[in-house]
Amino acid sequence: MMNRKKAALHVWEKPFVLLFFILAPLLGAACSSAPKRPAEIFHTRQLGENQLDLVNRAVDQGDYERALGLLGEARRLAVSTDDPGLLIRTKLAEGGVLYNQGEMEQAEAAWSAALMEAESSGEMELAAQTRIYLARNALLTKKAPPDEAAAQVTKEIASIKKDTLAIALGWNVIGLAEKEKSDYAAAETYFKKALAIHDKANYLEQAAYDWYLIASARSMSGQFAAAIEALNAAIQYDRRAENTWGLASDWRAMGDVYRKAGKTAEARAAYVRAADIYRSINRAREAEDAEKRLQ
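Notes on the structure in this doc start here. Model, not experiment: these values are computed from the prediction. (Residues numbered from 1 in each chain as written. Predicted model: local features only at pLDDT ≥ 70, side-chain atom pairs only at ≥ 80, totals over all residues. Heavy atoms only, no water.)

**So, the overall build of the chain**
Quick reminder of the rule: Helix numbers and strand numbers start at the N terminus; a helix is a DSSP run of H or I with at least 4 residues, a strand a run of E with at least 2. Buried, partly exposed and exposed residues are distinguished by accessible area as a fraction of the type maximum, computed with a 1.4 Å probe on protein chains only: under 20%, between the cut-offs, and over 50%, respectively. Whether two residues are in contact is decided by their heavy atoms: any pair within 4.5 Å suffices.
Per the secondary structure count, the chain includes 14 helices and zero strands. Secondary structure of the chain in N-to-C order comes out as α-α-α-α-α-α-α-α-α-α-α-α-α-α. In the chain, which comprises 295 residues, the share counted as buried stands at 43%. Within the chain, contacts between residues separated by at least 24 positions form 53% of all contacts whose residues are at least 6 apart in sequence.

**A closer look at the packing of aromatic side chains**
When we look at a pair of aromatic rings, we describe it by the centre distance and by the angle of the planes. The cut-off we apply is this: Within 6.5 Å between ring centres, the rings of Phe, Tyr and Trp (the latter by its six-membered ring) count as paired, and their orientation is classed by plane angle as stacked under 30 degrees, edge-to-face over 60, tilted in between.
Counting across every chain of the model gives six aromatic pairs. Seen in terms of ring centroids, tyrosine 64 and tryptophan 245 are 6.1 Å apart; in terms of plane orientation they differ by 70 degrees. Their pairing is edge-to-face. With tyrosine 64 in helix H3 (residues 64-81) and tryptophan 245 in helix H12 (residues 244-260), the pair connects residues that are 181 residues apart, well separated along the chain. Here the aromatic rings of tyrosine 209 and tyrosine 212 are separated by 6.1 Å at their centres, their planes lie at 15 degrees, and the arrangement is stacked. A residue pair is termed a helical-turn pair when its members lie 3 or 4 positions apart in one helix, as tyrosine 209 and tyrosine 212 do in helix H10 (residues 204-220) at three residues. An aromatic cluster of at least three residues, connected via ring pairs, comprises Tyr64, Trp245 and Tyr278.

**Some words on the pattern of salt bridges**
The condition is simple: Here, a salt bridge means any side-chain nitrogen of Lys or Arg that lies within 4 Å of a carboxyl oxygen of Asp or Glu.
In total, this model carries 19 salt bridges according to the counting rule given. Of the charged contacts, one joins arginine 76 and glutamate 73 as a salt bridge, the two residues approaching to 2.8 Å between their closest N and O atoms. Here arginine 76 pairs with glutamate 73, and both are found in helix H3, just three residues apart, close to one helical turn. By relative accessible area, arginine 76 is classed as partly exposed at 46%. Of the charged contacts, one joins lysine 142 and glutamate 180 as a salt bridge, the two residues approaching to 2.3 Å between their closest N and O atoms. With lysine 142 in the loop between helix H6 (124-140) and helix H7 (146-159) and glutamate 180 in helix H8 (residues 164-180), the pair connects residues that are 38 residues apart, well separated along the chain. Taking the relative accessible area as the measure of exposure, lysine 142 reaches 58% and is therefore exposed. Assessed through its relative accessible area of 39%, glutamate 180 is described here as partly exposed.

**Re the nonpolar core**
To keep it simple, the criterion reads: The nonpolar core is taken to be a set of buried Ala, Val, Leu, Ile, Met, Phe, Trp, Tyr and Cys residues, with the residues joined through side-chain atoms within 4.5 Å.
Trp211 and Met254 are the most contacted members of the largest nonpolar core, which has 84 residues in total. If near-sequence neighbours (up to four positions away) are discounted, tryptophan 211 is found in contact with Leu195, Arg218, Ala230, Ala233, Ala234 and Tyr237.

**Brief notes about the packing of H8 against H10**
To keep things clear, this is the line we draw: The axes used here are C-alpha line fits, helices contributing only the stretch in contact, and every angle between their N-to-C directions lies in the interval 0 to 180 degrees. Angles below 35 degrees are treated as roughly parallel, those above 145 as roughly antiparallel, those between 65 and 115 as roughly perpendicular, and all remaining angles as oblique. Residues are grouped as follows: Ala, Val, Leu, Ile, Met, Phe, Trp, Tyr, Cys and Pro are nonpolar; Asp, Glu, Lys and Arg are charged; every other residue, Gly included, is polar.
Two elements in contact, H8 and H10, have axes separated by 11 Å at closest approach and are oriented at 10 degrees. With respect to their mutual orientation, H8 and H10 come out roughly parallel. On H10, the residues that touch Asn172, Leu176 and Lys179 of H8 are Asp210, Leu213, Ser216 and Met220. Among the residues forming the contact of H8 with H10, the class breakdown is three nonpolar, two polar and two charged.

**Some remarks on H7**
Threshold: The length a helix should cover is 1.5 Å for every residue beyond the first.
The end-to-end C-alpha distance of H7 is 20 Å, a good match for the 20 Å that 14 residues give at a rise of 1.5 Å each. Lining the buried residues of H7 we find H6 and H8.

**Some points on the packing of helix H2 (residues 43-60) against helix H4 (residues 84-100)**
We count it as follows: Rotating anticlockwise by less than a right angle from the far helix to the near helix defines a left-handed crossing, while the corresponding clockwise rotation defines a right-handed one.
In contact at an axis separation of 10 Å, H2 and H4 are set at 15 degrees when each is read in the N-to-C sense. The orientation of H2 relative to H4 falls into the category roughly parallel. You can see that H2 and H4 cross each other, and the crossing is left-handed. Taken together, the residues of H4 that come into contact with H2 (itself represented by Arg45, Gly48, Glu49, Leu52, Val55, Asn56 and Val59) are Leu86, Arg89, Thr90, Ala93, Val97 and Asn100.

Here it is as structure tokens:
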């Protein structure tokens, strides 16, 4: 005869077993309708992209010290995810900061490292973009003649299908090569090709720089009034972008053009304005440089 303890156990076991078989299909259904997990996680990489955007904006605005500070975190995030694209673009940004600080050799080393990463990881558009940076550096450091640099960039542009900003950079480099050859009309044509890309996508700082380059080509060809018009266009874009560094550079360039045109009063007013804007962002050295041009 079954004792009370065993009887009690069997009494409770049977309903539990029945309940399990009743609920099992429902539990299976619940599992099958659970949210599908993403095939790839982008959270940290997106943080890296956001950080890189801040770096590039700081570079556009001439705040290179801030750019370097931001770049360290962007690079850390790129390394932590081992993402080739992000690793390459942080190196490109590093080269950009060094380039704008006048450290051409260090910039070239950063871009060469970016190119090695791009080629080894099969990122061919980024490799093409990197070669454009290297061609610009070779052009401006006189390591490559203008025609050679322009031919290299033309080849790279042809291989880029998606990155319109890289194409715009290429047009600007070809424009600089034409300017180096004193073909100022051709230079302006290429600068305007870059401008069309930047303007369409509302890249305000870059469009302002395109106008700055156009002004330079016009000034060097003796078209002073047209150069002032181009600098006024650059100022409008930099104002829209609240690009203080760009505005100061525009006004300083305007002073240079007015001085070349023999308009001393206008040159003085432009230099004073440039100096005031530089001082608003604590760039005393640049402000003093603008004021010295008054002499």
